[in-house]
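Examining the three-dimensional arrangement
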Amino acid sequence: MILAFASVSLTIMAQDEVAEEKHLVSTNSFWANWYVQANFAATSFWGSQEDKGISFGQLTKDYRTNLGFSLAIGKWFTPGIGLRTKFNGVWGRSVISEDKATNANKYWTLQEQVMLNLSNMLLGYNEQRVWNFIPYLGGGIGRNMTYGRYSMGLGLGLLNTFRLTPKLDFNLDVNIMALEPDFDGCPVYHNASHTFKNKDRNVNVELGLTYRLGKSTWNRTPDIEAMQALSQSEIDALNAQLADALAENERLSAQEVDPQTPQMEAPAVQIVTAPVSVFFDLGKAVINSERELQNVAALVEVAKQQGTKLLVTGYADSQTGSEEQNLQLSQQRADALVAELLKLGISSDQIEKVAAGGVDTISPAPFNRRATVEIK
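What this report covers is the structure whose coordinates are included nearby. Along each chain, the written sequence defines residue order, and numbers are assigned to residues from 1. Side-chain atom pairs in this predicted model are given and counted only at pLDDT of 80 or more, local residue features only at pLDDT of at least 70, and totals for whole chains, interfaces and linings cover all residues. Just so you know, side-chain values use all the structure's heavy atoms and leave hydrogens and water out.

Within a regular beta strand, the side chains point alternately toward one face of the sheet and then the other, so they alternate between its two faces. Only strands joined by at least two bridges in the DSSP assignment are considered to pair. Only DSSP runs of H or I covering at least 4 residues are called helices, and only runs of E covering at least 2 are called strands; the numbering of each starts at the N terminus. By the bridge criterion, seven bridges tie strand β10 (residues 310-317) to strand β11 (residues 351-359) in an arrangement that is parallel. When the bridges of β11 are listed, Thr-313 appears paired with Val-354. Between the parallel pair β10 and β11, the chain is carried across by helix α8 (residues 323-343), and the sense of this crossover is right-handed. Seen with its strands pointing away from the viewer, a crossover is right-handed when the path leading from the first strand over the helix to the second is clockwise.

Salt bridges are defined by distance alone: a side-chain nitrogen of Lys or Arg within 4 Å of a carboxyl oxygen of Asp or Glu. Using the criterion set out here, one finds 13 salt bridges in the structure. Ionic pairing is found between Lys-309 and Glu-352, a salt bridge with its closest N-O pair at 3.9 Å. In this pair, Lys-309 sits in the loop between α7 (294-306) and β10 while Glu-352 sits in strand β11, placing the two residues 43 residues apart along the sequence. The salt bridge involving Lys-353 is made with Asp-335; its shortest N-O contact spans 2.5 Å. Of this pair, Lys-353 sits in strand β11 while Asp-335 sits in helix α8, and the two are 18 residues apart along the sequence. Several salt bridges converge on common partners, so that one network encompasses Arg-84, Lys-86, Asp-173 and Glu-206.

Turning to α8, a few remarks are in order. With 21 residues, α8 extends 31 Å between its outermost C-alpha atoms, agreeing within 8% with the 30 Å of an ideal straight helix rising 1.5 Å per residue. Only protein chains enter the accessibility calculation, which uses a 1.4 Å probe; a residue whose area is less than 20% of its type maximum is buried, one above 50% is exposed, and one in between is partly exposed. Those residues of α8 not exposed but buried are Asn-326, Leu-329, Ser-330, Arg-333, Ala-334, Ala-336, Leu-337, Val-338, Glu-340 and Leu-341. The contact definition used throughout considers only heavy atoms, calling two residues in contact when any of these lie within 4.5 Å. Those residues of α8 that are buried are in contact with β9 (276-279), α7, β10, β11 and β12 (370-375). Positive backbone phi, at 100 degrees, marks Gly-345, one or two positions downstream of α8. For a helix, the expected span equals 1.5 Å multiplied by the number of residues minus one.

Below, the discussion takes up a nonpolar patch on the surface. Grouping into patches uses exposed residues only, defined as over 30% relative accessible area, and leaves out salt-bridged ones; the cut-off is 9 Å for like charges and 5 Å for nonpolar side chains (Val, Leu, Ile, Met, Phe, Trp, Tyr). Shrake-Rupley sampling with a 1.4 Å probe provides the accessible areas, and residues are treated as covered by the protein chains on show and by no other component. Side chains of Phe-30, Trp-31, Phe-77, Ile-81, Leu-83, Val-114, Leu-116, Met-121 and Leu-122 sit close together on the surface and give an oily, nonpolar patch of about 860 Å² of accessible area. Elements with a minimum of two residues in the nonpolar patch: β3 (81-93), β4 (104-116) and α4 (118-123).

Time to look at the packing of aromatic side chains. Pairing of aromatic side chains requires ring centres within 6.5 Å, counting the rings of Phe and Tyr and the six-membered ring of Trp. Pairs whose planes differ by under 30 degrees are stacked, by over 60 edge-to-face, and all others tilted. This model, assessed by the stated rule, comprises nine aromatic pairs. Residues Phe-279 and Phe-367 carry aromatic rings whose centres are separated by 6.3 Å and whose planes lie at 55 degrees to one another, so their mutual orientation is tilted. Here the residue Phe-279 occupies a position in strand β9, and Phe-367 occupies one in the loop between β11 and β12, the gap between them amounting to 88 residues. With respect to class, Phe-279 is no different from Phe-367; both count as buried. Through successive ring pairs, a cluster of aromatic residues spans Phe-30, Trp-31 and Trp-34. Look at NZ for Lys and CZ for Arg. If either is within 6 Å of the ring centre and within 35 degrees of the ring normal, a charge sits over the ring. The aromatic ring of Phe-30 is capped on one face by Lys-75, whose charged end is 5.6 Å from the ring centroid.

The omega torsion of the bond from Gly-89 to Val-90 falls at -5 degrees, within 30 degrees of zero and hence cis. Within the secondary structure, Val-90 sits in strand β3. Phi is positive for Asn-33, close to 65 degrees, though the residue is something other than glycine. Within the secondary structure, Asn-33 sits in the loop between α1 (2-16) and β1 (34-46).

Below is the structure:
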C-alpha cells in the first residue's frame, strides 16, 4: 500500500512541477532546520497470536482500536535526509478477547527514525512546495505499562506534510511498529521467531501539525558559471582591447625610423576595465578551481604591459554571519586572490588590497561572496 501510494503521489508532484529547475543548496548550521510535531493518533493492535493474519476490516474493529497521541522533534540535515525522535502512546489495546474494555491497556513507544524527503530528493528542493512525501524507517523501545513489559521494536511509516504557512505544516502520518511477541502480556503460543508475523504490531494513523524552528529554508549554492557571465561582455571587451594594444605595439616596433625625420609620439593605448570577480562558497575563502582565474590572468597581463596597479577587494554576504566575521572573511578572500596574482607573476608593489566586509550590493545574496580585482 505504501509503495503504491508513493508511485501515485510522485507522479502527481512531477506533473505539477515539470517547469521547476533543480538546483544545489548550501549546508545550513547545526541549529537550522529543526522542527517539532504534535499529532492525534488512531491506533490498532495486531497481536503475535494472530499469526494467520487479519483483514483490513478486522484491523478497524473497536476491540483492537483506541485513540492516542504522538510528539516528535527532528532535524533536516539536507533537504532530503533527516532524523526524528518520536514518542507515541498512551492508550492502547491488546487482543485478549473481543471485549474492548478487557483489552484496554496503557503503553508508550520511543523511536529514532531516519527520514527521506523523496519530494526534494527526486524533484529538487522547493521551499514553496505544498506537499512533501516522506517515508521513514526507525527503531526503538516500547513499554506496556499495564503488563510491565519492555520490548525492542522496528518501525516504518509514511509522513505527508502539507504547507499551511512558511512555519506550519499539516501532517498525515501512517506507520507500523513491530514489537516482541510478549509485549501485550499474552502468552507466546508458538515457537517465537524473528519473522514479522510472529511480532506484536501497533498500527497508527496520525493527524497533526509540524512547526519549524528558526531558519527552515535552504540557500541556493551559487552557480559560478552564471556569476561569471554577469560581467562576461565586459571581460570580452577587455580582451579585445588588450589584443589591439599588443598589435599596435608590434606595428610601431616594426616601423623603420629615419633619424632626420621628426617623429610624432605614438598615442598611449588606454584600457578601461571592469572589475573581474572570483566567487567563494558560504563561509569559505578557498578558490574553487583554476577556471576561476582565467579572466584574472588576462587582467594581470594588462597590468604588466601598462605598469599599472591592481586593486583587490574582498567581500562577504551581509545576510549571513556577524559584522566582525564578515570583515575577517572578506580579508581572507582578498588575501586568497592576492596570492594567486603573485603566482601569475605580478609584483606585490603593484597590488593594493581592501577588505569591504559584508555587503548586499548584488542580488541574489550569494553573489556577494566574492573578491574582485581591477586596474586602479
